[in-house]
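# A look at the structure
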Amino acid sequence: EGESAVEAVEAALFPDPDEIEDLVVGAVGSSALFAARFRENAARALLLPRRRPGTRTPLWQQRQRAAGLLAVASRYGSFPILVETYRECLSDVFDLSALREVLGGVRGREIAVHSVETVRASPFASSLLFDYVAAFMYDGDAPIAERRAQALTLDRDLLRELLGQEELRELLDPDALADLELSLQSLTDERKARTADQASDLLHRLGDLTPDEIAARVEGGGRVADGWLATLVATRRAIRVRIGGEERLIAIEDAARYRDALGVQPPAGVPDAFLGSTMAPLDGLLARWARTHGPFHPREPATRWGVREAAVEEALERLLAAGAILRGEFRPGGAEREWCDPEVLRVLRRRSLARLRREVEPVDAAAYGRFLPAWHGIMPVSEPSPVPLRGDAALERLAEVVDQLAGVPIPASVLERDVLPARIPGYQPRLLDELGAMGEVGWLGRGSLGRDDGRIVLFRPGRRGSDGRPAVAEPDRPNGERHDAIRAHLSARGASFYRDIRAAAGGGSDREVLDALWDLVWAGEVTNDTFAPLRALRWKRTGRERRPRPGRLTSLGPPEAAGRWSLVEPPADVPATERAHGLALALLERHGIVTRDAVVGEGVERGFAAVYPVLRTMEEAGRVRRGYFVDGLGGAQFALGGALDRLRALRDPSPGEAVVHVLAAADPANPFGAALAWPRRGDDDRRVLARAAGAYAVLVDGVPVVYLDRGGSSLQLLPAADDLEVGGAALRGLAHLVGPDRPFRELLVGRIDGVPVAESDARERLLEAGFVAGYRGLVLRHSTAAPTSDAGWAPGWGRGGGRSPVRGR
């Protein structure tokens, strides 16, 4: 093993001298040396003028402006500064001839190589290591698509004039190659023969073909092809010959060429005009083969024609010397050098570049709708349920989710009913309690939603900028005798239980004290050390005061007052820049692609202006990418490198079954209604779709199809539902909401698109999706075995069939 490792190192350090030029040319374009030389050449050519003459331009700004110019210039392979930079790097900086001589001496054993293992690198090797780090320091700045597209745009002819030919194996697109080969062989629908004359052109353009091969290239199949071939043979426009042991047809004009190159015997009756001697017949056949095939190996035509491979290679060498063919490593995934026609390679480069440029184009809203649930780790309901997480694995996953959701306002009613179970298989409420008992998570109120719900934000204590809490304005502070009494008590005594708070507030009914206490909670002034009070808000209860039953001396306090209450500590005296930096990191972690609309949708104080300077500085430092990534979301978009590659990978829907997500409308993983607008049927569509607590959106391949209003009594079909297959998949996905431990025990729909269900045209579609007719509308019931909480939903929530119970005030 040690000897093989040494051999591998020597092979990497001493490549073949015949390949060194190709290796250097292929790597220099993405090096820091190339970027620096391009910056100098562009400045020398006055393409980077100073904004203020007489003042010095910072180096980082020069590098940024030069990088922008390089990104534009790289689209044009003959751009003079680009060509001059290659010439300077390859001729002035590198001494390739001397390097080739050294490698030739090593290969010829004229120079001996001794492997020495040392404790630390020698001074010479240390300098090489330092140069290596400096050269690749900014290598990851550009995403994969941009790096490949920039390498492809270099003009091939100019590059060959400089120092030979670059390697394209890693740059050419395999799908583009497959499509081009089908087109060259006339196997695509638009290039199939539709007349007998076009069938004759096939033989002139492609050469020898069997009857079955011709039938595959004729519109109408074998019966039509047989009739045309019989006509062509009868009119002496084609002849039947035997090549490689099988019968094939060739154009009569090629009879002499096949005879002289392959020894094929023409049939009797061929006019003498087509039997004259030919010059370089095999060369001509190979040139036509190259024009109608992608990169190929000599064994392929040799096998088809039944000739020696050596003879084919000799003919290809003659064509190479004449400039009629190219040799190199072209085919993606190949392991040997191939041969290719120059025009075919140019078309292949253009098609590959077009595909790569399409990758760097902004994606549509549907792609972003596919990306965001995947970025949050939400599994589609169309896939089998994942294995529930247990123990430490569940706690670690919950901590990751809390980090991602830190600072974003979420309705308390959907946090443990929809948001957390969608991200953590087998979620149980005790997991959040356990994480809170460890001091790893806390919560704050961010405004009430009616009488029994409100928005809260989760945060990790000690992580600045992650709680997303603005300073409470003085006019918005709850003012009243009970409010002031509760503040004074908690300020003097610290964390207290409800009974002490009730006594300090002057007693009275529990309802009045709870109203004052929760007013302070939703204002962000008071919090609790547990999540039990938030869960109790969803419980049904009567409006009567709780009295102890006969025989009881005491009564338990209200469940929505459980735990210890304390004043929220004022924000630490942290510099505004540090808080903005923490907020920017939280937004990047949550969205992957941060846009103005996404930040505004979260209600961040001061909006996008609060984080824009930080994001811009991070982009200048190479931490994030800035560009136009999602169509329609403005030009100021900032993305993490991994998020950008993942977004582009989801540009097109996955083939096969549609991917269905059922998300709470207020879930941060649902981009619609926040970063993206809800789709509308037209200007006359006045239906209001909101990110309301208790509402749900069904996404099919990232497109919203069905919107379920709060409570589930009304359902709205969006424009994408006009597709029967897509709409059916979305309606069937509603079954994910129904079950003993799901948001709805049964889903009763009374109206569709604002129309009573009995009068709606979509009634039959709901019946096909599993709904049954009831006296109040269409009902979807859980017909299978009752799922447990391991299916990904928290027990104890949604007891009222998805309704919002009144707390009894």
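Residues numbered from 1 in each chain as written. Predicted model: local features only at pLDDT ≥ 70, side-chain atom pairs only at ≥ 80, totals over all residues. Heavy atoms only, no water.

## Observations concerning the overall build of the protein chain
When you go through the protein chain residue by residue, the secondary structure sums to 32 helices and 21 strands. The 809 residues of the protein chain split such that 45% are buried. When contacts within the protein chain are restricted to residue pairs at least 6 apart in sequence, those whose partners lie at least 24 apart make up 68%. Of the roughly 40400 Å² that the protein chain leaves accessible, carbon and sulfur atoms contribute 52%. (Helix = DSSP H or I, 4+ residues; strand = E, 2+ residues; numbered from the N terminus. Buried < 20%, exposed > 50% of the residue type's maximum accessible area, 1.4 Å probe, protein only. Contact = heavy atoms within 4.5 Å. Areas by Shrake-Rupley, 256 points an atom, 1.4 Å probe, with all protein chains shown as cover.)

## Quick notes on the nonpolar core
Burial of nonpolar side chains together is a common tendency in soluble globular proteins. Membership of the largest hydrophobic core comes to 43 residues, with the highest contact counts inside it found for Leu398 and Leu534. For this core, the elements supplying multiple residues, two or more each, are helix H20 (391-405), helix H21 (412-423), helix H22 (429-437), strand S7 (454-459), helix H23 (481-493), helix H24 (498-504) and helix H25 (510-522). Looking at this core, the element that brings in the most residues is H25, giving eight residues. Not counting residues within four places of it along the chain, the set of residues in contact with Leu398 comprises Leu420, Ile424, Tyr427, Leu431, Leu432 and Leu435. (Core = buried A, V, L, I, M, F, W, Y, C linked by side-chain atoms within 4.5 Å.)

## Let's talk about the sheet that holds strand S17 (residues 746-749)
The antiparallel open sheet is built from three strands, whose spatial order is S17-S21-S20. Unpaired on one side and paired on the other, S17 and strand S20 (772-774) mark the two borders of the sheet. Across the sheet, the mean angle from the axis of one strand to that of its neighbour is 35 degrees, orientation sign disregarded. Taken together, the four bridges between S17 and strand S21 (residues 777-781) define a ladder with antiparallel strand orientation. Note on S21: the bridge partner recorded for Leu748 is Val779. (Pairing = 2+ DSSP bridges. Axes fitted to C-alpha atoms, helices over the stretch in contact; angles between N-to-C directions.)

## Comments concerning the environment of Leu395
Topologically, Leu395 is positioned in helix H20. Taking the relative accessible area as the measure of exposure, Leu395 reaches 11% and is therefore buried. With residues near it in sequence (within four places) discarded, Leu395 still touches Leu431, Glu434 and Leu435.

## Some remarks on the packing of aromatic side chains
Tallying each qualifying case throughout the model produces 11 aromatic pairs. A centroid spacing of 5.6 Å and a plane angle of 75 degrees characterise the contact between Trp289 and Trp305, whose relative ring orientation is edge-to-face. Of the two residues, Trp289 sits in helix H15 (residues 281-291) while Trp305 sits in helix H16 (residues 299-305), which places them 16 residues apart along the sequence. By the burial criterion, Trp289 is buried, and Trp305 matches it. Seen in terms of ring centroids, Trp518 and Trp522 are 5.3 Å apart; in terms of plane orientation they differ by 40 degrees. Their pairing is tilted. Residue Trp518 and its partner Trp522 are located together in helix H25, separated by four residues, close to a single helical turn. (Phe/Tyr/Trp six-rings, centres within 6.5 Å; stacked < 30°, edge-to-face > 60°.)

## Examining helix H30 (residues 641-649)
Considered for burial, the residues of H30 that qualify are Ala643, Leu644, Leu647 and Arg648. Angular distribution of buried residues about the axis of H30 spans 130 degrees; they occupy a single face of the element. (Arc of directions from axis to C-beta.)

## Comments concerning unusual backbone geometry
Although it is not a glycine, Ser186 adopts a positive phi angle of roughly 60 degrees. Mapped onto the elements, Ser186 comes out in the loop between helix H10 (174-184) and helix H11 (196-206). At Asp701, a residue that is not glycine, the phi angle is positive and equals roughly 55 degrees. Tracing the backbone through its elements, the reader meets Asp701 in the loop between strand S14 (696-700) and strand S15 (703-708). The exposure class assigned to Asp701 is buried, which follows from its relative accessible area of 16%.

## Examining the pairing of strand S1 (residues 238-243)
Put simply, side chains in a regular strand alternate between the two faces of the sheet. Note: S1 against strand S2 (residues 246-251), six bridges, orientation antiparallel. Among the inter-strand pairings, Val241 is bridged to a residue of S2, identified as Arg248.

## Section: the packing of helix H27 (residues 576-591) against helix H29 (residues 612-620)
Remark: H27 packs on H29, axes separated minimally by 9 Å, with the N-to-C direction vectors making an angle of 75 degrees. What the angle tells us is that H27 and H29 run roughly perpendicular. Across from Ala580, His581, Ala584, Leu585 and Leu588 in H27, the residues of H29 making contact are Val614, Leu615 and Met618. When the residues that make up the contact of H27 with H29 are grouped by side-chain class, the tally is seven nonpolar, one polar and no charged. (Parallel < 35°, antiparallel > 145°, perpendicular 65-115°, else oblique. Nonpolar A, V, L, I, M, F, W, Y, C, P; charged D, E, K, R; others polar.)

## Here's the deal with the packing of H20 against H21
Following both chains from N to C, one finds H20 and H21 inclined at 120 degrees, their axes separated by 10 Å at the closest point. Here H20 lies oblique to H21, going by the angle between them. The hand of the H20/H21 crossing is right-handed. Together, Arg397, Leu398, Val401 and Leu405 of H20 and Val419, Leu420 and Arg423 of H21 make up the contact between the two elements. Grouping the constituent residues of the contact of H20 with H21 by class yields five nonpolar, no polar and two charged. (Left-handed = near helix turned anticlockwise from the far one by under 90°.)

## Remarks on the sheet that holds strand S19 (residues 755-756)
Strand order in the open sheet formed by six strands is S13-S14-S15-S16-S18-S19, with mixed pairing between adjacent strands. Only two strands of the sheet have a single neighbouring strand rather than two, namely strand S13 (660-664) and S19. When strand S18 (residues 751-752) meets S19, the two strands line up antiparallel, connected through two bridges. Bridge pairing in S19 places Ile752 opposite Val755.

## Focus on the pattern of salt bridges
Where charged atoms from two side chains of opposite charge approach closely, those side chains can pair. Tallied over the full model, the rule gives 32 salt bridges. Asp197 serves as the salt-bridge partner of Arg237, at 3.0 Å between the closest nitrogen and oxygen. Remark: Asp197 occurs in helix H11 and Arg237 occurs in the loop between helix H13 (222-234) and S1; sequence separation between them is 40 residues. The exposure class assigned to Asp197 is partly exposed, which follows from its relative accessible area of 45%. Two residues, Arg259 and Asp260, come together in a salt bridge whose shortest N-O distance is 2.9 Å. By sharing partners, the salt bridges in this structure join Asp208, Glu213, Glu246, Arg248 and Arg304 into a single network. (Salt bridge = Lys/Arg side-chain N within 4 Å of Asp/Glu carboxyl O.)

## Thoughts on the confidence of the model for the protein chain
On average, residues of the protein chain score 80 in pLDDT, and 83% of them reach the 70 mark or higher. In the predicted structure, residues 156-166 sits below a pLDDT of 50 and forms 30 contacts with residues beyond four places in sequence or in another chain. Overall, residues 784-809 carries pLDDT values under 50, and its contacts beyond four positions in sequence, including any with other chains, amount to 83 contacts. (pLDDT = per-residue confidence, 0-100.)

## Things to note about the environment of Thr617
Note on placement: Thr617 falls in helix H29. Within polar-contact distance, the side chain of Thr617 engages the backbone oxygen of Pro613 at 2.9 Å. (Polar contact = N/O pair within 3.5 Å; in protein donor to acceptor, adjacent residues only side chain to side chain.)

## Regarding the environment of Ala503
By secondary structure assignment, the location of Ala503 is in helix H24. Look at Ala503 and you get exposed, because its relative accessible area is 60%. Taking C-alpha positions, Ala503 is 9.7 Å from Ala485, a pair spaced 18 residues apart along the chain.

## Some words on a nonpolar patch on the surface
Residues Val9, Leu13, Phe14 and Val113 make up a contiguous nonpolar surface patch of roughly 330 Å² in combined accessible area. Summarising the element assignment, Val9 is placed in helix H1 (residues 2-13). Given a relative accessible area of 48%, Val9 falls into the partly exposed group. (Patch = residues over 30% accessible without salt bridge, like charges linked within 9 Å, V, L, I, M, F, W, Y side chains within 5 Å.)

## So, helix H19 (residues 365-375)
Among the 11 residues in H19, nine count as buried, and that is most of the element. Turning to H19, its buried residues number three or more, namely Ala366, Ala367, Tyr368, Gly369, Arg370, Phe371, Leu372, Pro373 and Trp375. Note on H19: the residue one or two positions beyond its end, Gly377, has a positive phi of about 75 degrees.

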